[in-house]
Structures are given as structure tokens and as C-alpha cells.
Amino acid sequence: MKQKTWPARSDGSRFLSLPLSKIKGPKFPTRTSTRQIRFYTTRPSDGQDFSALPYDVLTKIAASFSLQNLRAASLVCKSWSEALKPLREAMLLLHWGKRFKHGQGGVRPNLDKALDSFLKGAARGSALAMVDAGLIYWESGHKDKAVALYHKAAELGDPAGQCNLAISFLQAEPPNLKEAVTWLYKASIAGHVRSQYQLALCLHQGRGVNCSIKDAARWYLKAAEGGYVRAMYNVSLCYSSGEGLVRSNQLARKWMKRAADRGHTKAQFEHGLALFSEGDMMKAVVYLELASRAGERAAAHVKNVILQQLSATSRDRVMLLADNWRALPSSR
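Residues numbered from 1 in each chain as written. Predicted model: local features only at pLDDT ≥ 70, side-chain atom pairs only at ≥ 80, totals over all residues. Heavy atoms only, no water.

Draft legend 1. Broad picture of the overall build of the chain. Looking only at helices and strands, one finds 17 helices and zero strands in the chain. Expressed as a percentage of the 332 residues in the chain, the buried residues total 43%. Counted over contacts in the chain with a minimum sequence separation of 6, partners at least 24 positions apart contribute 58%. Of the roughly 17,800 Å² of accessible surface on the chain, a fraction of 52% belongs to carbon and sulfur atoms. (Helix = DSSP H or I, 4+ residues; strand = E, 2+ residues; numbered from the N terminus. Buried < 20%, exposed > 50% of the residue type's maximum accessible area, 1.4 Å probe, protein only. Contact = heavy atoms within 4.5 Å. Areas by Shrake-Rupley, 256 points an atom, 1.4 Å probe, with all protein chains shown as cover.)

Following this line, the structure appears as C-alpha cells:
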């Protein structure tokens, strides 16, 4: 379910994807809400009884809980402990499913066993297991089954399920753009960075919502601040061109370097060019070498031109730096 980094441009120009005249679109709230779950092991002072909460309501609320939050909720009272038992079992099944999927912990990769574990976890009400089972179905071509699981997880409030459901709507034939944007918005305000990036793309392209480069840039920035590499690159372009954000070469360079250091190929190429223009040949060649190794042909040409100006010792040093380079962690 790969998505393009920057909206396509019919004329090939990097910054002319949208007209720069006054573009009006919906105003989205910009505050991301982070759910902080607090549990109390004693009853509140007003005498309300925790055990009175219906089991089905409690399990829906807890469907997207992490194992840590499930354990904490299970300590609230005996009734909650009993109600959440299926979800605790689902977390164990989820754990084994991931081990089978990725071949971890001494277990050989086995997608059939992984799917079986995820489906058993999903049957116990875990939205997390629903998403993982949906991913296997999607990757194996059973997209209808995947979408059904994504929809269940999305209805339970799981941001990853909401994001995957939205992307499935975007990729459908014909696409259901308005429904996609609705789910992306829900996941975005919950702080899901991939959803924030996808919502920004929709705003940038006017897919399912009125075009608004200003709102698009705002969501790109939120996703970038959350560690999403493609958003970092797009934020750099926004600052560089003045589209949606106040033009700032300093901030453009900052975000381009952040994307480059996290393995974004185009960012490595462009950051290498910027370093070359400043006369920092050694660092420029390192980034250009990384970009060319990832398939950026134009980077290879510029790199070779610079290498001819370096001594043999410097060339060896540059290749050693490139060989030992490791990308910084990111949210993809």
C-alpha cells in the first residue's frame, strides 16, 4: 500500500502542483489529541460502581489497548478482569502471530500460522490483531477480507485500522475519496503520523476535499514532527517554495537533512547538491553516493564529477563513510 511522496505534477515542475493564487479549503483543527488512559484501583468518591459497566461496552473501549493498559485495566476490579480476559488472550496470540510472520524468537516464518494467530486474536475482540490479519490478507491479494477487518478495527477506534481502511478507499476502483478523508481525519487527530501525511496529500491534491496547500502543509509538518520521513521531505519543499508555509531556507535545509539522514533517497540527492554548492565536497559526495546506491541516477553523475576533484585518499575516505552509514530511526 505504497503512496507517492509528493503530489504528481503534469508539467514536471517541482513546485507547480497547485496554483499559488488564493486556494480556499476547509479548516481542520490542528491540535493532535493523545489519549492518556488512567486507571484507578479504588472506586470514585461519588460511589459509582466500575463493575456496572456492561462487558460489551468495556471490551469495545479496550479493543485497541496495549498489553500494558490491558493489565492495568484488569486490576480495576474483578468484573473488569473477567471481562478483559479474552483481550489478554488476544495479546498473547498477537505476540505469536508476529513471531510467525517475521520469524522471530527462534520461530521460522510461517504466514499461515501467523494469520491463524491473528484471526484468533481478532475473534477475541482485539483491533490490533484485526489490523495485522488484514495486512496479511491484503498482501496475499484477498483485499475484500482485509477491508472487512480494517473496517471492524476502525469502528473500534484503532488509528492504524482507520488509516488502512482509508488507503483501501483511496486505491479502490472507483475510489471512495470522501469516505477515505473521513477516516484519515479521525486517525490524524488521534496522532497517527501516516494518516496525517495521507490527509495532507489529499488536501494538497484536492482528493475528497477542497484543495488547501496551507492545511496540507500544516498536516505535513505534524507528520514530520512525529517522525514520518516522507512528510519531512515535503515540509522541506514547502519551506523552500513558500507553499503553505512561510519561506525559510534555513528550515528547508533542516528538514531536508532530517529526511536524508533517515534514508529518503531524493532528500539525500538534494542535500548532497546543497552541500556541493556550499563547497563541502566530502559530505556532499557521501550523500550523493547514498542516493546513487538507492537508484538515483542523477546523483551518480554529480558524484562522479566531484570525485574527480578529490585525492585518492579522500575518495577512499568518502566510500568508507558511505559504507558505514546507517539511517536514523523513523516512522517510515
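Draft legend 2. Up close: the packing of aromatic side chains. Counting across every chain of the model gives four aromatic pairs. Ring geometry for Tyr197 against Tyr220: centres 6.1 Å apart, planes inclined by 45°, an arrangement best described as tilted. Here the residue Tyr197 occupies a position in helix α10 (residues 193–205), and Tyr220 occupies one in helix α11 (residues 213–225), the gap between them amounting to 23 residues. Considering the side-chain rings of Tyr197 and Tyr228, the 5.0 Å spacing of their centres and the 35° angle between planes classify their relative orientation as tilted. Here Tyr197, found in helix α10, pairs with Tyr228, found in the loop between α11 and α12 (229–241); they are 31 residues apart in sequence, far enough to count as distant. We note that Tyr197, like Tyr228, is buried. (Phe/Tyr/Trp six-rings, centres within 6.5 Å; stacked < 30°, edge-to-face > 60°.)

Draft legend 3. Local environment of the side chain of Asp132. Structurally, Asp132 is set in helix α6 (residues 127–139). Judged by relative accessible area, which is 11%, Asp132 ranks as buried. Only 3.0 Å separates the side chain of Asp132 from the side chain of Lys98, close enough to count as a polar contact. Sequence-distant contacts of Asp132, defined by excluding residues within four places in its chain, comprise Leu94, Lys98 and Phe118. (Polar contact = N/O pair within 3.5 Å; in protein donor to acceptor, adjacent residues only side chain to side chain.)

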